[in-house]
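# Close look at the chain arrangement
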Amino acid sequence: MIVVLRLGHRKQRDKRVTTHCALVARAFGASKIILSGEQDEAVLESVAALSRKWGGPFSASYESNWKKAVRAFKKKGKVIHLTMYGEPFDAVAAQARKTKNVMIVIGAEKVPREMYALADYNAAVGSQPHSEVAALAVFLYELLGKAPLEKEFRGWQNKIIPSPRGKKVINKFRGVIGT
Ligand code: SAM
């Protein structure tokens, strides 16, 4: 089980980026995202709508006390904090592959110092600042490979038929739709 913890969400500034973190988490193989920072029902609802439309299992929840979530997870698996200050991500992913349950923590603007100490690993996707969306995608791909990108999500209403041109989609109720 892979869980993503998004720290320090700010309702106005981060609504798109946090939604993109959830999109990436789901598509690249995580089964859950926990949001911390400002409570934001709109983001939780957009993640629920995404799973209704494109399938799951994938869920989102809110936790005001991120330290509690991290400490609880440490009892059953490893916690990996993605930060440009960490050690190389490929070595950390190799360690994480030995564990069944992994929590991947990503920040917004400033990550509290305690996070660096609480994490089992601080992992960098290169030692340059970039984006939590990119860092999450690259780390999940290193950890799980291509399989999640090819899996069939359960309970979908819409499913894409890969095609060289145009948009071909099967809708559960209407059959093949698209242009
Ligand atoms: N000062 C932050 C840091 O420690 O990486 C950069 C802030 S960045 C806008 C927001 C988040 O993106 C970070 O908290 C981290 O999770 C992720 N991030 C950015 N660059 C990264 C990198 N090179 N490696 C891993 N994660 C990165």
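Everything below is about the structure shown above.
Report on the accompanying structure. (Residues numbered from 1 in each chain as written. Predicted model: local features only at pLDDT ≥ 70, side-chain atom pairs only at ≥ 80, totals over all residues. Heavy atoms only, no water.)

## Thoughts on the packing of helix H1 (residues 15-27) against helix H2 (residues 41-54)
One way to put it is that H1 packs onto H2 with a least axis distance of 10 Å and a crossing angle of 35 degrees. Every pair of crossing elements has a handedness; the one defined by H1 and H2 is right-handed. Where H1 abuts H2, its residues Lys15, Thr18, Thr19, Ala22, Leu23 and Arg26 lie against Val43, Ser46, Val47, Leu50, Ser51 and Trp54. (Axes fitted to C-alpha atoms, helices over the stretch in contact; angles between N-to-C directions. Helix = DSSP H or I, 4+ residues; strand = E, 2+ residues; numbered from the N terminus. Left-handed = near helix turned anticlockwise from the far one by under 90°. Contact = heavy atoms within 4.5 Å.)

## Quick look at the pairing of strand E8 (residues 168-171)
Only one face of E8 is buried: it carries Val169 and Asn171, and the other face, with Lys168 and Ile170, is open. Where strand E7 (residues 158-160) and E8 come together, 3 bridges link them in antiparallel fashion. Paired with Lys159 across the two strands is Ile170, which belongs to E8. Pairing of E8 with strand E9 (residues 175-178), which is carried by 4 bridges, proceeds in the antiparallel orientation. Within E9, the position partnered with Val169 by the bridge is Ile177. The antiparallel hairpin formed by E8 and E9 contains 3 residues in its connecting segment. (Buried < 20%, exposed > 50% of the residue type's maximum accessible area, 1.4 Å probe, protein only. Pairing = 2+ DSSP bridges.)

## Considering the site of the ligand
The full set close to the ligand counts 20 residues, and Leu82, Ala108, Val125, Gly126 and Gln128 are the nearest of them. Contact between the ligand and Tyr116: an oxygen atom at 3.4 Å from a side-chain N or O atom of the residue. In the model, a nitrogen atom of the ligand is placed 2.9 Å from a nitrogen or oxygen of the Val125 main chain. Calculation on the ligand without its partners gives an accessible area of 540 Å², and the protein chains cover 87% of this total. Put simply, the ligand lies in the largest pocket. Where the shell around the ligand is concerned, the elements lending two or more residues are strand E4 (78-88), strand E6 (121-124) and helix H6 (132-144). A total of 4 residues in the shell around the ligand trace back to one element, the largest contributor, which is E4. (Near = heavy atom within 4 Å. Polar contact = N/O pair within 3.5 Å; in protein donor to acceptor, adjacent residues only side chain to side chain. Areas by Shrake-Rupley, 256 points an atom, 1.4 Å probe, with all protein chains shown as cover. 1 Å grid on protein atoms, 1.4 Å probe; cavity = no way out; pocket = protein on both sides within 12 Å on 5 of 7 lines; lining within 4 Å. Sits in = over half its atoms within 2 Å of the grid points.)

## Some details on the pairing of strand E2 (residues 32-37)
One ladder, built from 5 bridges, connects strand E1 (residues 2-9) with E2; its direction is parallel. Paired with Arg6 across the two strands is Leu35, which belongs to E2. Once you follow E1 into H1 and on to E2, the crossover reads as right-handed. Relative to strand E3 (residues 59-62), E2 runs parallel, the two being bridged by 4 bridges. Paired with Leu35 across the strands is Tyr62, a residue of E3. (Right-handed = clockwise from strand over helix to strand, strands pointing away.)

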